[in-house]
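Geometric and topological summary
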Amino acid sequence: MKNLEQIRAQSAIKFADEVASGQSSARGAEGGEAIKKIPPMIMGNGILATLAFSLEPRREGFASIFSALAKHLASNEIGITPGVSDASSLIRHLTEADSATLKLATAEALEWLGYARRFVKPPAKKS
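Residues numbered from 1 in each chain as written. Predicted model: local features only at pLDDT ≥ 70, side-chain atom pairs only at ≥ 80, totals over all residues. Heavy atoms only, no water.

**Notes on the overall build of the protein chain**
When its secondary structure is counted, the protein chain shows 6 helices and 0 strands. Secondary structure elements in the protein chain, listed N-terminal to C-terminal, are α-α-α-α-α-α. Referenced to the eigenvectors of the C-alpha coordinate spread, the extents of the protein chain come out at roughly 50 × 35 × 25 Å. Burial analysis of the protein chain (127 residues in total) assigns 39% to the buried set. Counting only contacts in the protein chain whose residues sit at least 6 apart along the sequence, the fraction spanning at least 24 positions is 62%. Counting only carbon and sulfur atoms, one obtains 53% of the accessible surface of the protein chain, whose full area is about 7300 Å². For the protein chain, the separation between the mean place of its 16 positive charges and that of its 13 negative charges on side chains is 7 Å. (Helix = DSSP H or I, 4+ residues; strand = E, 2+ residues; numbered from the N terminus. Buried < 20%, exposed > 50% of the residue type's maximum accessible area, 1.4 Å probe, protein only. Contact = heavy atoms within 4.5 Å. Areas by Shrake-Rupley, 256 points an atom, 1.4 Å probe, with all protein chains shown as cover. Lys, Arg positive; Asp, Glu negative; His and termini not counted. Charge placed at Lys NZ, Arg CZ, Asp CG, Glu CD.)

The structure is reproduced here in structure tokens:
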């Protein structure tokens, strides 16, 4: 049986691999590192406001990160948001859930992001 740290790390590594292969994005509209901006946004504004921000047009990197997070939160091992598969369904689920679920999802999101932001490689610097 795996512990939560192993589950989080494995999920974050999978996302980092998707970013590295081009299947997913963790970049902001101007090529910045969206993955590093999300945790302070969640702490300052809450997960729902940050999710809403990620769903705005031109925020594909943010939405991609939240979609990966949604899959993690819905995984059998975590099970906080069963049946959720992307950022849009995550915000719907969390707005309908009770406050305990929202609190659990927020705490788990911050833990997962702690790993993901370390595994996702920064964009190559332009010379």
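That covers the picture; the talk isn't over yet.
**Points about the environment of Gly46**
Note that Gly46 resides in the loop between helix 2 (34-45) and helix 3 (47-54). Separated by 21 residues in sequence, Gly46 and Ser67 have C-alpha atoms that sit 17 Å apart.

**Remarks on the environment of Gly32**
Checked against the element boundaries, Gly32 lands in the loop between helix 1 (4-20) and helix 2. Setting aside its immediate chain neighbours within four residues, Gly32 contacts Ala26 and Arg27.

**Description of the packing of aromatic side chains**
Tallied over the entire structure, the rule returns 3 aromatic pairs. Each ring, one from Phe53 and one from Phe62, has its centre 5.2 Å from the other, and the planes form 90°; the classification is edge-to-face. Its relative accessible area of 22% is what places Phe53 among the partly exposed residues. With a relative accessible area of 5%, Phe62 lands in the buried category. (Phe/Tyr/Trp six-rings, centres within 6.5 Å; stacked < 30°, edge-to-face > 60°.)

**A look at helix 6 (residues 99-119)**
Relative to the 30 Å expected for 21 residues at 1.5 Å per residue, helix 6 spans 30 Å between its end C-alpha atoms, a close match to the ideal helical length. Every buried residue of helix 6 is accounted for by Thr101, Ala105, Glu108, Ala109, Trp112, Leu113 and Ala116. Buried residues belonging to helix 6 abut helix 1, helix 2, helix 3, helix 4 (60-74) and helix 5 (87-96). (Expected span 1.5 Å × (residues − 1).)

**Looking at the side chain of His72**
Among the structural elements, His72 can be located in helix 4. A polar contact is formed between the side chain of His72 and the side chain of Glu108, at a distance of 2.8 Å. Among all residues touching His72, those that are not within four sequence positions of it are Ile7, Arg8, Ser11, Ile78, Glu108 and Trp112. (Polar contact = N/O pair within 3.5 Å; in protein donor to acceptor, adjacent residues only side chain to side chain.)

**What about the packing of helix 3 against helix 4?**
Running from N to C, helix 3 and helix 4 cross one another at 130°; their axes reach a closest spacing of 8 Å. With respect to each other, helix 3 and helix 4 are oriented oblique. When helix 3 is examined against helix 4, the residues Ile47, Thr50, Leu51, Phe53 and Ser54 are found in contact with a partner set consisting of Phe62, Ala63 and Phe66. Grouping the constituent residues of the contact of helix 3 with helix 4 by class yields 6 nonpolar, 2 polar and no charged. (Axes fitted to C-alpha atoms, helices over the stretch in contact; angles between N-to-C directions. Parallel < 35°, antiparallel > 145°, perpendicular 65-115°, else oblique. Nonpolar A, V, L, I, M, F, W, Y, C, P; charged D, E, K, R; others polar.)

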